[in-house]
Amino acid sequence: MQYVSTRGTAMGQYQDVIVEGLASDGGLAVPETLPQIGERLEELRALTYPELAATIIGLFATDVPAAELSRIAHESYNDEKFRTAEIVPLKPINGGMTLVGLSEGPTLAFKDLAMQFLGGALDYVLTERSDVLNIVGATSGDTGSAAEYAIRGRSTLSAIILSPQGRMSDFQRAQMYSLLDDNIHNLAVEGNFDDCQHLVKLVNQDLDFKRTHHIGAVNSINFGRISAQIAYYVWAWLRATDDVADPGGFEVSFAVPSGNFGNILSGHYARSMGVPIRKLVLATNENNVLHEFFSTGVYRPRSADQTPATSSPSMDVSKASNLERFIYEVVDRDPERTAALWRELDETGTFDLSSELARFSAEYGIISGTSTHQNRLHTMRATHEGTGVVIDPHTADGVYVAAPFVEPDVPMLVLETALPEKFAATVTEALGEAPVVSPEHQALLALPQHTTDIPNDEAALRAFIEANAKH
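Residues numbered from 1 in each chain as written. Predicted model: local features only at pLDDT ≥ 70, side-chain atom pairs only at ≥ 80, totals over all residues. Heavy atoms only, no water.

A few words now on the packing of helix α6 (residues 142-151) against helix α7 (residues 170-177). Remark: α6 packs on α7, axes separated minimally by 9 Å, with the N-to-C direction vectors making an angle of 30°. In terms of their interaxial angle, α6 and α7 are classed as roughly parallel. Between α6 and α7 the crossing geometry is left-handed. Taking contact as the criterion, the partners of Asp142, Gly144, Ser145, Glu148 and Tyr149 in α6 are, on α7, Gln172, Gln175 and Met176. Here the residues of the contact of α6 with α7 are counted per class, giving 2 nonpolar, 4 polar and 2 charged. (Axes fitted to C-alpha atoms, helices over the stretch in contact; angles between N-to-C directions. Helix = DSSP H or I, 4+ residues; strand = E, 2+ residues; numbered from the N terminus. Parallel < 35°, antiparallel > 145°, perpendicular 65-115°, else oblique. Left-handed = near helix turned anticlockwise from the far one by under 90°. Contact = heavy atoms within 4.5 Å. Nonpolar A, V, L, I, M, F, W, Y, C, P; charged D, E, K, R; others polar.)

Locating isoleucine 226 in the fold gives a position in helix α10 (residues 223-240). Look at isoleucine 226 and you get buried, because its relative accessible area is 0%. Put simply, isoleucine 226 and glycine 262 are 36 residues apart on the chain and 6.7 Å apart in space, counted from C-alpha to C-alpha. Here isoleucine 226 is in contact with Ser220, Gly262, Leu265, Ser266, Tyr269, Asn322 and Arg325, once residues within four sequence places are set aside. (Buried < 20%, exposed > 50% of the residue type's maximum accessible area, 1.4 Å probe, protein only.)

With that out of the way, let us pick up a negative patch on the surface. On the surface, a cluster of negative charge is made up of Glu344, Asp346, Glu347 and Asp352. At 3 residues, the largest contribution of residues to the negative patch is made by helix α14 (residues 335-348). Looking at the secondary structure, you find glutamate 347 in helix α14. (Patch = residues over 30% accessible without salt bridge, like charges linked within 9 Å, V, L, I, M, F, W, Y side chains within 5 Å. Areas by Shrake-Rupley, 256 points an atom, 1.4 Å probe, with all protein chains shown as cover. Salt bridge = Lys/Arg side-chain N within 4 Å of Asp/Glu carboxyl O. Lys, Arg positive; Asp, Glu negative; His and termini not counted. Charge placed at Lys NZ, Arg CZ, Asp CG, Glu CD.)

Right, let's get into empty space enclosed by the protein. One pass over the full model with this rule turns up 4 cavities of 30 Å³ or more. Approximately 270 Å³ is the volume found for the largest cavity. Around the largest cavity sit 25 residues that line it, and Phe110, Lys111, Gly259, Asn260 and Ser314 are the ones nearest its centre. Within the residue set of the lining of the largest cavity, elements represented by two or more residues are α6, α10 and α11 (262-272). When residues of the lining of the largest cavity are assigned to their parent elements, the largest contribution, 3 residues, is made by α11. Residues of the lining of the largest cavity, tallied by class, amount to 8 nonpolar, 14 polar and 3 charged. Counted as a void, the second largest cavity has a volume near 40 Å³. When the residues that make up the lining of the second largest cavity are grouped by side-chain class, the tally is 5 nonpolar, 5 polar and no charged. (1 Å grid on protein atoms, 1.4 Å probe; cavity = no way out; pocket = protein on both sides within 12 Å on 5 of 7 lines; lining within 4 Å. Points joined across faces, edges and corners; volume = space filled by probe spheres on them.)

Scanning the model with the defined rule gives 24 salt bridges in all. In this structure, aspartate 181 engages arginine 152 in a salt bridge whose closest nitrogen and oxygen atoms are separated by 3.1 Å. In this pair, aspartate 181 is assigned in the loop between α7 and β8 (184-189) and arginine 152 in the loop between α6 and β7 (157-164), connecting sequence segments 29 residues apart. Assessed through its relative accessible area of 22%, aspartate 181 is described here as partly exposed. Notably, a salt bridge pairs arginine 333 with glutamate 329, separated by 3.2 Å at the nearest N-O pair. On the basis of relative accessibility, which here comes to 24%, the residue arginine 333 falls in the partly exposed class. A network of salt bridges, in which partner residues are shared, links Asp332, Arg337, Glu356, Arg359 and Glu363.

Residues Met412 and Val414 line one face of strand β15 (residues 412-415) and the alternating positions Leu413 and Leu415 line the opposite face, and both faces are buried. Where strand β5 (residues 97-100) meets β15, 4 bridges bridge the pair, whose relative direction is parallel. Pairing of threonine 98 across the sheet is with leucine 413, part of β15. Both strand β10 (residues 252-257) and β15 contribute to a ladder of 3 bridges, which runs parallel. (Pairing = 2+ DSSP bridges.)

Quick look at the structure:
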């Protein structure tokens, strides 16, 4: 399978795009065509999660030997790294919804499902090429720790992760900042997540600097992440229809807490590939730029001072980098129009696709909503009182926004974002008692932490990379 940039440049095959990350023209890698699996779904039902992941990712990674994909998948998804052998369990919660358990991995967040695979895949490619890669990425909380746990100790990879000072939970900070491996570097930036993401994009756009210092990316601009996330949509549909007498064409809906648009984009791709998905419910918090776009067709990212810190901090994103891949589909895969829209965004701070608004729901099945802190607290409390299940505030965003869209005979599958112990303060506020924290994680919170503070300044980031990159 060949890949192109959303702005027109040819990008090679899967191995090329996972190493390259951001395209040289500033766009994002997308497959030239999406494989179709609608008629093959029943063949996949008996597969274990690693078998299914290797099969789905293999549709995109046609240049990676099937035996290697299987090895990487089984090394990524097993009961040594995940709390359950099922890897992604499903369980009913209140309001006729089902929770898709995506947070059973080493950092207790859904990012592990993509990052564990991507770390192994990159290690394979780099070893084959006798090369190294310095992952320069931005995190609003969960991507950073998932990336670092997937990369730590690998001789082919190092991580330089930017996070916003004071904008993550205590647990998120402990997971990242307590790692002292030689190939892990944490930079705390004076700014918010969008500032961190912008700095990463700037160094990626300098092709000479990027190549000199072997810079790559593992946040959701890396298509390897997207391909691995498609797998759990397929898995969730299969598990939700295990007891359906005639599952062919049986529709389910998904509710997806959304910040950078990578998770729900994977659902959009799964739907486009033939998985019977009725609705994709996009849930935002007070930083509701995506809800505004899917409600009005106008995309208007906000500045740092207009992006408040909330109780679902991993969703405190104003400029969703993965939206470009969706827009590319909306404009019928026209790279020139896609590039023109992003030039307009850079020049004016907005663009208007209201002429396409009707297609968002009718053609793509995407609807959206937003929540407040009080909505999240109430939802967490009601879920616990009704089912005994404790959910984190990001998952609560999904449950709250999904509720009005639940339909008879259409399962509503809510994608879990993280386990509640990562956000103990908010869980305590909602339930009146703290979530249970394992002795292992209590010890994690007590470990010494190390970061390098830098200003929101490209020169400072470049200097750090020059001094610390693996060559």
